[in-house]
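Chain residues, written in single-letter form:
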There are 2 protein chains.
Amino acid sequence: MQTRTDQATAFAGHAFATPALLAQALTHRSAGAPHNERLEFLGDAVLGMIVAEALYARWPKADEGSLTRARAELVRESALAAVARRLEIGPRLVLGPGEMKSGGHRRDSILSDALEAIIGAIYLDAGFEACRRVVLPWFEAAVSAVPASKVGKDAKTRLQEWLQGRQKPLPQYVLQQESGEEHARIFVVRCVLSDPPLAGEGEGGSRRAAEQVAAEAVLGQLPGA
Amino acid sequence: MQTRTDQATAFAGHAFATPALLAQALTHRSAGAPHNERLEFLGDAVLGMIVAEALYARWPKADEGSLTRARAELVRESALAAVARRLEIGPRLVLGPGEMKSGGHRRDSILSDALEAIIGAIYLDAGFEACRRVVLPWFEAAVSAVPASKVGKDAKTRLQEWLQGRQKPLPQYVLQQESGEEHARIFVVRCVLSDPPLAGEGEGGSRRAAEQVAAEAVLGQLPGA
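Residues numbered from 1 in each chain as written. Chains lettered and ligands numbered in written order. Predicted model: local features only at pLDDT ≥ 70, side-chain atom pairs only at ≥ 80, totals over all residues. Heavy atoms only, no water.

A. Summary view of the overall build of chain A. Secondary structure summary: chain A contains 11 helices and five strands in total. For chain A, the spread of C-alpha atoms along the principal axes amounts to about 70 × 40 × 30 Å. Among the 225 residues that make up chain A, the fraction classed as buried is 47%. When contacts within chain A are restricted to residue pairs at least 6 apart in sequence, those whose partners lie at least 24 apart make up 54%. Accessible surface, chain A: about 10800 Å² in total, of which carbon and sulfur atoms supply 52%. (Helix = DSSP H or I, 4+ residues; strand = E, 2+ residues; numbered from the N terminus. Buried < 20%, exposed > 50% of the residue type's maximum accessible area, 1.4 Å probe, protein only. Contact = heavy atoms within 4.5 Å. Areas by Shrake-Rupley, 256 points an atom, 1.4 Å probe, with all protein chains shown as cover.)

B. Fine view of the interface of chain A and chain B. The partner chain B presents 37 residues to the 37 residues of chain A that form the contact. Overall, the association of chain A and chain B removes approximately 3300 Å² of surface from exposure, summing both partners, and the carbon and sulfur fraction of that is 61%. Viewed at the interface, chain B and chain A are joined by one salt bridge. The partner of Arg71 of chain A in a salt bridge is Asp44 of chain B, with the nearest N and O atoms 4.0 Å apart. Put simply, the parts of the chain that give the side of chain A that touches chain B at least two residues each are helix H3 (37–58), helix H4 (64–74), helix H6 (97–101), helix H7 (108–126) and helix H8 (128–145) of chain A. For the side of chain A that touches chain B, the element with the most residues is H3 of chain A, which contributes 14 residues. Taken together, the residues of the side of chain A that touches chain B sort by class into 19 nonpolar, five polar and 13 charged. (Buried area = accessible area lost by both parts, 1.4 Å probe. Salt bridge = Lys/Arg side-chain N within 4 Å of Asp/Glu carboxyl O. Nonpolar A, V, L, I, M, F, W, Y, C, P; charged D, E, K, R; others polar.)

C. Focus on the sheet that holds strand S3 (residues 172–179) of chain A. All names here are of chain A. The antiparallel open sheet is built from three strands, whose spatial order is S3-S4-S5. Where the open sheet ends on each side, the last strands, each with one partner, are S3 and strand S5 (198–204). Strand-to-strand twist across the sheet, computed as the mean angle between neighbouring axes with direction ignored, equals 20°. The sheet contacts of helix H11 (residues 207–219) involve S3, strand S4 (186–193) and S5, and relative to S5 the element is tilted by about 145°. (Pairing = 2+ DSSP bridges. Axes fitted to C-alpha atoms, helices over the stretch in contact; angles between N-to-C directions.)

D. Looking closely at the relation of the copies chain A and chain B. Aligned on chain B, chain A shows an RMSD of 0.2 Å; the corresponding rotation is 180° and the shift along the axis is 0.1 Å. Taken together, the rotation and translation relating the two chain copies correspond to the operation of a two-fold axis. No C-alpha of chain A lies nearer the rotation axis than that of Met49 of chain A, which sits 3.4 Å from it. By residue overlap, the copies meet face to face through one surface: 100% of the interface positions of chain A are interface positions in chain B. (Least-squares fit on C-alpha atoms with pLDDT ≥ 70 in both.)

E. Seen up close, the packing of aromatic side chains. All names here are of chain A. Summed over all chains, the structure comprises three aromatic pairs over all chains. Relative to Trp138, the ring of Phe11 lies with its centre 6.1 Å away and its plane at 80°, an arrangement referred to as edge-to-face. One end of the pair, Phe11, is in strand S1 (residues 10–11); the other, Trp138, is in helix H8, with 127 residues separating them in the sequence. Between Lys156 and the ring centre of Tyr173, over which it is positioned, the NZ or CZ distance is 4.8 Å. We note Arg166 situated over the ring of Trp162; from NZ or CZ to the ring centre the distance is 4.0 Å. (Phe/Tyr/Trp six-rings, centres within 6.5 Å; stacked < 30°, edge-to-face > 60°. Lys NZ or Arg CZ within 6 Å of the ring centre and 35° of its normal.)

F. Broad picture of the UniProt feature "domain: RNase III" (unreviewed entry) in chain A. When the UniProt feature table is mapped to this numbering, "domain: RNase III" (unreviewed entry) covers residues 13–127 of chain A. Counted over residues 13–127 of chain A, helix gives 64% and strand 2%. Its end C-alpha atoms are 15 Å apart. (UniProt positions renumbered as here; feature names shortened; annotations may be inferred.)

G. Just the packing of helix H3 (residues 37–58) of chain B against helix H8 (residues 128–145) of chain B, in detail. All names here are of chain B. Where H3 contacts H8, the two axes come as close as 9 Å, and the packing angle between them is 55°. In this view, H3 runs oblique relative to H8, as classed from their interaxial angle. H8 is crossed by H3, and the crossing has right-handed handedness. Contact with H3, carried on its side by Val46, Leu47, Met49, Ile50, Val51, Glu53, Ala54, Leu55 and Arg58, involves Phe128, Cys131, Arg132, Val135, Leu136, Phe139, Val143 and Ser144 of H8 and no other residues of that element. Looking at the contact of H3 with H8 residue by residue, the classes come out as 13 nonpolar, one polar and three charged. (Parallel < 35°, antiparallel > 145°, perpendicular 65-115°, else oblique. Left-handed = near helix turned anticlockwise from the far one by under 90°.)

H. Here's a closer look at the pattern of salt bridges. Residue and element names in this part refer to chain B. Scanning all chains against the criterion turns up 25 salt bridges over all chains. Its salt-bridge partner being Asp108, residue Arg85 comes within 2.7 Å of it at the nearest N-O pair. With Arg85 in helix H5 (residues 77–86) and Asp108 in helix H7 (residues 108–126), this pair connects stretches of sequence that are 23 residues apart. A relative accessible area of 41% means that Arg85 is categorised as partly exposed.

I. Up close: the sheet that holds strand S5 (residues 198–204) of chain B. Residue and element names in this part refer to chain B. Pairing within the open sheet is antiparallel, and its three strands lie in the order S3-S4-S5. What marks the edges here is a single partner per strand, and that holds for strand S3 (172–179) and S5. Shown here is a sheet whose adjacent strand axes are inclined to one another by a mean of 20°, direction ignored. The pairing of strand S4 (residues 186–193) with S5 spans seven bridges and is classified as antiparallel. Residue pairing in the sheet places Val189 in a bridge with Gly202 of S5. Contacts from helix H11 (residues 207–219) reach S3, S4 and S5 within the one sheet, and its direction differs from that of S5 by about 145°.

As structure tokens, this is what we get:
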């Protein structure tokens, strides 16, 4: 049986050495100071790093752009609110009477802010390693479930799939320039789409590398790619 | 005397257990794979957290908005490039011949990306605590030098100063509503400016708290406040 004291001093298996941190993390600004906004600032950064590291390790072939997009997806407000609901944060929130009446403990923004604040509180209470041990399991399934199409494929492949998915013609890669000494050639390639009519250039130490950069430049101009 | 080996395996006092990480962090994508973009993604998150924690600890009265703005200032590209120059990263960069010719080792974007990549590399090489010990000193002066006007003042004070600095009339705080039981009053206050003509509302458990929230709502609408 969980006692009242456990409830007030523990969260998701972490027993707080300083229970006041947990109480603060659960207090919305509408209930007065000390509230959870500063802890939310800290927890947002801690969570960003925990998720960045997990994605980096889990998807060794993903490029920077894919990792950045995947992270934004995992820590967006609605995703954090879903985690907060699984952890049953809502009923433990301390809200001002106005927020209470209007159902603030069910609102995505309040739940996701509180989740970040709790992460900040655990970090201050027990340090980075302990915080990661508690927090990472909340996101592990989502980190592994990131579609390979978003993080596992190179730019040329992603561009090809984007076009094929919309029954559009494939890109053309045109070598624009080849220069430099024998041992240090520079290739400039232009990637051209007919529909939508777009183009992008890339430079690299090989033709293939330059094509990837050019494809990435075009992907950056496509909506939802 | 620093030997060639030290140069290739150490950075800012950190001796790499895995020197390949340092070599990768110093390699721009124009020089081919493995380059530093994935490390940059990781390092950006690590740095964000180190700076967030330092600001949180150094400015105990700063609200979340001030902390967020101060952090953005400290880790903006030009600030990171300045740190990279102090640490003399430029001459150690490995660039493709095109970037080399066009002076890429002096460019802010390339320098700041490489700095973040080095932070990611130190983190992978030695863990969070060791990474923070190396990295924090690069930013400590800037963390302490954040103007108190940005992090030490409450919303009403900041709003007042913004207006006074532009010779504009002070805001009016108008109580809109007072409700709730004796022990749980709710106050709604409207903060009204005549020039620029703006208003914002705030709710709180006291009139003063509601005024702060209303002032914050107005500050959010002012450019550069």
